[in-house]
Amino acid sequence: MAPTLLAAIDLANYTKSTQGLNPQALSFIGNVFARVTPETVDDALLHLQETVGRYSTYLGVATLPSINDVVSLLDTGAAKVFITRQQLDQLLDLKIDQDRLVLTLPGNTKQEIIDTIAGTVVDVYCHQVKDIELVEAWLNEYNIDRPDVFVSFAAPDLDGVLRISKQSAIPILPAESLTTDTKKEPGLISVAKLVMANATSDRPDGLFSTLVTDERGVALGLVYSNEESVAESLRTGSGVYQSRKRGVWKKGESSGDIQELVSISLDCDKDCLRYVVRQKGRGFCHLATPTCFGQYSGLSRLQQTLQSRKASAPEGSYTARLFNDPQLLRAKILEEAAEFCDATSQKEIAFEAADLLYFALTKCVSAGVSLEDVEQNLDAKSIKVKRRKGDAKPAFTTQAAPVDGVADGVGAKEAVKKATSVPKSKDDPIGLQNGRIAMKRYITVKESAETIQIALQRPSQRSSDQIIAICHPIIDAIKSRGDAALLEYTRKFDKATSLMSPVLKAPFPESLMQLAPETIKAIDISFENIRKFHAAQKEDKPLVVETMPGVVCSRFSRAIERVGLYVPGGTAVLPSTALMLGVPAMVAGCKKIVIASPPRADGSVTPEIVYAAHKVGAEAIVLAGGAQAVAALAYGTESVSKVDKILGPGNQFVTAAKMIVSNDTNAGVSIDMPAGPSEVLVVADHTANPTFVASDLLSQAEHGVDSQVILITVGLNETQLAAIEEELHRQANALPRVDIVRGAIDHSITLVVDTIEEGMRLSNQYAPEHLILQVENAESVVASVQNAGSVFVGQWTPESVGDYSAGVNHSLPTFGYAKQYSGVNLGSYVKHITSSNLTQEGLRNVGGAVMELARVEELEAHRRAVSLRLGVP
Ligand SMILES: NC(=O)c1ccc[n+]([C@@H]2O[C@H](COP(=O)([O-])OP(=O)(O)OC[C@H]3O[C@@H](n4cnc5c(N)ncnc54)[C@H](O)[C@@H]3O)[C@@H](O)[C@H]2O)c1
Ligand SMILES: N[C@H](CO)Cc1c[nH]c[nH+]1
Ligand SMILES: [Zn+2]
């Protein structure tokens, strides 16, 4: 179908909202044209990666880059790329689909334009045509009736736009000339008017029948629209329609079952609209079913069931078991894939395909991936220019599976079993080809310093700007709406839909601390070791120094009165963090200790956290996580007490929110440090035990896919290196969190160095959260540690002892911040106050210096405060 509109936008300013235009509105109506220069190609590629599938028709890119760039842009999702005449032949030689190329005319005389159109079949872009009449004339003259001419306008009006589109040319409008704000219409073109100007209603009341579907194309229901409701939809980014009885109505306004708008388009004869929406809440129909035609079926139905099982699975549910046991799920997918390959009759194939899809979708839902995401991926793949050859990996071809019932060697099941078994040695080709869990090796003497520095970068996270942009509205909502907003976000992010109060106040009921005796014992031992180590950090008396006779200076400490302790609970619940933050707060003598942690889906907190909170004397547990919990602690709500300092690690949202509130002078709150995804760096030489080294690396890799682990080997040969790598692969595969480990290991590396000096130089450069020294005379190496959160010395000191029970704190700076921050310690909970105490003699001794400096600064009152006391002029 012909696109309704192209709007020219400057990629660099894409997110900047132009006058009265909701920039998203361009994506709702389909087509975006972006001007890219060779310098901004990388930005464009990034933008395309992020938006792939978001534009319902296509995203055109006007650019004059190299052939390679053109191919990359097409590959990444640009529907059409604008090229020069010189590039055309080369691109056609590469067999690039002509439909995806638009020729940019060089000179633009009428004759040139006509010659080019006549001689080629690709679309044409005229960027210097200023006169609509001229374009109309040659479109008519050459009887061009397909939308193959793109025309840009400097200052269009609606009439001009409509005239040119009636001629089947596609007008490209500058974003600044469009508006979604109906009130600001004068001088600007309303996007709704533009869409509807092309449409003709076939109904006596002038309304347009409107089919509402989900992103998969499943019909949700039939409603009506007109320009007014379309304008409101584009402005708000939601489903808004025209009721024949009630006028304009926003879907879900009273029921809460709202819709996020994805796109609006016209049908082929332009008398009917289609709205694609993301339906929230119970469904589209007023009878609370997903569609007005009843329940979903097929894959949509399966997805709905899996998503609800993930939110709250009934006891004994098999799907819940699969969610909780990634190893089992992996085995079932492989088993079903093999059965599917071996199926022969139509009935068997349908049966096995259904099983395979069930397990595959369970994996998707478990990872938060939807069918819509998968289909978007398929669409993105369908427009790829560079295609992979498509050969199967050797592991899956060495044992041929039966074809058409003729067994050739072993069956698919056997092949899968072999392909996925753990290899015995590094020479095992199957193991190497198939999903080996291994860190990339760098031999540092063979690489440039820059390469090593790049390799040592932490896994890329979403840009801090993006995270901050997500956190700001959350923080504002907590500030303005307190508990109500806090509950809303907890229901949204932590799925605790039944939670009624955001706070659990002390004294905590015994029933919430029911634990096995061995767990109580472990918590008690750890508590006591952490207490001892932090109590030893106390300054038992003030520091007193007499700087001159009679001039006594002193410094004493006071506990910060109110502290908020964030205990993470997203990917794993960490009661040990409650101890690490709570015990020093108790030892320091903080009067008010408030713990915050995301609740479980049923609204409860784990009994271990309640027990730890009880032991450290916490006043309350805030049942919330993320930016909302940080904001509640910083500003207070009806039921959450405001605190003076927030401590504790967390994900990017927690860390960004901590930074935001600590920068707000009205909040009056400080923070400990940026403590994000866990890291460890192990330095190992020939004395290190490969089993221990691998286990230490994996202990931090299992925290999250954003964790990073680094191994620096000192003077190891190939056999010794291979032994560690073999151990890593073997142990990783035996872990319940193997999928998380695989993600973390993907961006983890081994640096092979010759000397311990070189190893320590690189370690100090990286500044790891945890540093493990498994080297000869490890104790003597500690002297060369310059930057690290916490050091673990020798082969009998696994990092996990520090995580739980040794006594040191595990809340530590990550992301290289060990260069300037300490980990949490007793000092984190106190502030120092200084005092001066002078005798008359003391004032005489120091008074001259004070008066002279006050004179220099021309602060006479300062000078007199001394001179009047000493009776001098
Ligand atoms: N450096 C340290 O000392 C240290 C210690 C322990 C843990 N950690 C790290 O802490 C991190 C804990 O992270 P986590 O995710 O498991 O738990 P978390 O409690 O930090 O984060 C969970 C919260 O994030 C918020 N959130 C999730 N997705 C969101 C989104 N799209 N938009 C807005 N908010 C969103 C939700 O509110 C949720 O409650 C891990 O990376 C772990 O390695 C670090
Ligand atoms: N290693 C984490 C700090 O990066 C802390 C922790 C808690 N539980 C297990 N480990
Ligand atoms: Zn840990």
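The name given to the protein in an unreviewed UniProt entry is Histidine biosynthesis trifunctional protein, and the organism recorded there is Zopfia rhizophila CBS 207.26. The heading Cofactor (unreviewed entry) in the UniProt record of the protein holds the text "Zn(2+)". Listed in UniProt under the heading Sequence similarities (unreviewed entry), the comment for the protein reads: "In the C-terminal section; belongs to the histidinol dehydrogenase family."

**Student:** If you had to explain helix H22 (residues 607-616) to someone new, which residues and values would you point to?
**Tutor:** Summarising burial for H22: 7 of the 10 residues are buried, a large majority. All of the buried residues along H22 are Pro 607, Ile 609, Val 610, Tyr 611, Ala 612, Ala 613 and Val 616. Backbone geometry just downstream of H22 places Gly 617 in the positive-phi region, at approximately 80 degrees.

**Student:** Which residues make up the pattern of salt bridges, and what values go with them?
**Tutor:** The full count for this structure, using the stated rule, is 28 salt bridges. For Arg 278, the salt bridge is made with Glu 215, and the minimal N-O distance between the two is 3.0 Å. Taken together, the residues span a long stretch of sequence, with Arg 278 in strand E16 (residues 272-279) and Glu 215 in the loop between strand E11 (208-213) and strand E12 (219-225) at a distance of 63 residues. Judged by its relative accessible area of 28%, Glu 215 falls in the partly exposed class. Among the ionic pairs, Glu 758 bridges to Arg 761, the shortest N-O distance being 3.1 Å. In this pair, Glu 758 and Arg 761 both sit in helix H28 (residues 756-766), 3 residues apart, roughly one turn of the helix. Judged by its relative accessible area of 23%, Glu 758 falls in the partly exposed class. A residue is classified by how much of its surface remains accessible, and Arg 761, at 44% relative accessible area, is partly exposed.

**Student:** Could you give an account of the coordination of the zinc ion (ligand 3), with specific residues and numbers?
**Tutor:** Perfect tetrahedral coordination of a metal by four donors corresponds to 109.5 degrees between them, and perfect octahedral coordination by six donors corresponds to 90 or 180 degrees. For the zinc ion (ligand 3), the protein coordination sphere consists of His 703 (NE2) and Asp 803 (OD), at 2.1 Å. Classification of the site at the zinc ion (ligand 3) rests on its 4 donor atoms, whose angles at the metal span 87 to 176 degrees, yielding the label irregular. Of this pair, His 703 sits in the loop between helix H25 (690-701) and strand E27 (708-714) while Asp 803 sits in helix H30 (residues 799-804); the two residues are 100 residues apart in sequence, bridging distant segments of the chain. Look at His 703 and you get partly exposed, because its relative accessible area is 27%.

**Student:** Describe in detail unusual backbone geometry, supporting the description with residues and values.
**Tutor:** Of note, the bond from Ala 506 into Pro 507 is cis; its omega dihedral lies within 30 degrees of zero at 0 degrees. Topologically, Pro 507 is positioned in the loop between strand E18 (503-505) and helix H20 (517-535). Despite not being glycine, Lys 495 has its phi angle at roughly 60 degrees, a positive value. Among the secondary structure elements, Lys 495 is positioned in the loop between helix H19 (464-494) and E18. Here Glu 858, not a glycine, exhibits a phi torsion of approximately 55 degrees, which is positive.

**Student:** Hey, could you go over the layout of surface pockets for me, with residue numbers and the actual values?
**Tutor:** Within this model, the second largest pocket holds a volume of roughly 510 Å³. Considering the residues around the second largest pocket, the lining is formed by 21 residues, among which Val 223, Arg 246, Trp 249, Lys 251 and His 286 are closest to the centre. Sorting the residues of the lining of the second largest pocket by element identifies E12, strand E13 (240-243) and strand E14 (247-250) as the ones contributing at least two each. Broken down by element, the residue count for the lining of the second largest pocket peaks at 3 residues, all from E12.

**Student:** So, the site of ligand 1: which residues are in play, and what are the values?
**Tutor:** Around ligand 1 sit 28 residues, and of these Asp 494, Tyr 566, Thr 571, Asn 651 and Leu 812 come closest. In this structure, an oxygen atom belonging to ligand 1 sits 2.6 Å away from a side-chain N or O atom of Tyr 566. Glu 769 places a side-chain nitrogen or oxygen 3.1 Å from a nitrogen atom of ligand 1. Isolated, ligand 1 exposes 870 Å² of accessible area, and the fraction of that covered by the protein chains is 87%. At the level of secondary structure, the elements contributing two or more residues to the shell around ligand 1 comprise H19, helix H23 (626-635) and helix H24 (652-663). Broken down by class, the residue content of the shell around ligand 1 amounts to 12 nonpolar, 14 polar and 2 charged. Domain assignment of the residues forming the shell around ligand 1 places at least three in each of domain 4 (449-458 + 677-807) and domain 5 (464-535 + 573-667).

**Student:** Any chance you could break down the nonpolar core for me, citing the residues and the numbers?
**Tutor:** Formed by 42 residues in total, the largest nonpolar core has its most connected members in Val 563, Leu 565, Ile 621 and Tyr 829. Listing elements by their share of this core, those giving two or more residues are H20, strand E21 (562-566), helix H21 (575-588), strand E22 (592-596) and H22. If you tally residues by element for this core, the top one is H21, at 8 residues. The contacts of Ile 621, once residues within four sequence positions are left out, are Pro 502, Val 503, Leu 504, Phe 508, Ile 595, Val 605, Ile 609, Val 610 and Ala 613. Listed in part, the 34 residues of the second largest apolar core include Ala 620, Val 640, Val 654 and Ala 656.

**Student:** Outline the sheet that holds strand E24 (residues 645-647), listing residues and values.
**Tutor:** Whenever strands of a sheet pair, they do so through backbone hydrogen bonds, lying parallel or antiparallel. The 6 strands lie next to each other as E18-E23-E22-E21-E24-E25, forming an open sheet whose pairing is mixed. Edge strands, defined here as strands with exactly one partner in the open sheet, are E18 and strand E25 (670-671).

**Student:** Which residues make up the pairing of strand E28 (residues 749-753), and what values do they have?
**Tutor:** Taken residue by residue, a regular strand's side chains alternate between the two faces of the sheet. Taken across its 5 residues, E28 has 5 buried, putting it largely inside the fold. Bridge count between strand E17 (residues 440-443) and E28: 4 bridges; the pairing is parallel. Residue pairing in the sheet places Tyr 442 in a bridge with Leu 751 of E28. Bridge count for E27 against E28 is 5 bridges, and the pairing is parallel. Among the inter-strand pairings, Ile 712 is bridged to a residue of E28, identified as Leu 751.

Rules used throughout
Residues numbered from 1 in each chain as written. Chains lettered and ligands numbered in written order. Predicted model: local features only at pLDDT ≥ 70, side-chain atom pairs only at ≥ 80, totals over all residues. Heavy atoms only, no water. UniProt positions renumbered as here; feature names shortened; annotations may be inferred. Buried < 20%, exposed > 50% of the residue type's maximum accessible area, 1.4 Å probe, protein only. Helix = DSSP H or I, 4+ residues; strand = E, 2+ residues; numbered from the N terminus. Salt bridge = Lys/Arg side-chain N within 4 Å of Asp/Glu carboxyl O. Donors = N, O, S within 2.8 Å, 3.2 Å for Na, K, Ca; no water. Tetrahedral: all angles 85-135°; square planar, octahedral: opposite > 155°, others 65-115°. 1 Å grid on protein atoms, 1.4 Å probe; cavity = no way out; pocket = protein on both sides within 12 Å on 5 of 7 lines; lining within 4 Å. Points joined across faces, edges and corners; volume = space filled by probe spheres on them. Near = heavy atom within 4 Å. Polar contact = N/O pair within 3.5 Å; in protein donor to acceptor, adjacent residues only side chain to side chain. Areas by Shrake-Rupley, 256 points an atom, 1.4 Å probe, with all protein chains shown as cover. Nonpolar A, V, L, I, M, F, W, Y, C, P; charged D, E, K, R; others polar. Domains from an automatic or database assignment. Core = buried A, V, L, I, M, F, W, Y, C linked by side-chain atoms within 4.5 Å. Contact = heavy atoms within 4.5 Å. Pairing = 2+ DSSP bridges.

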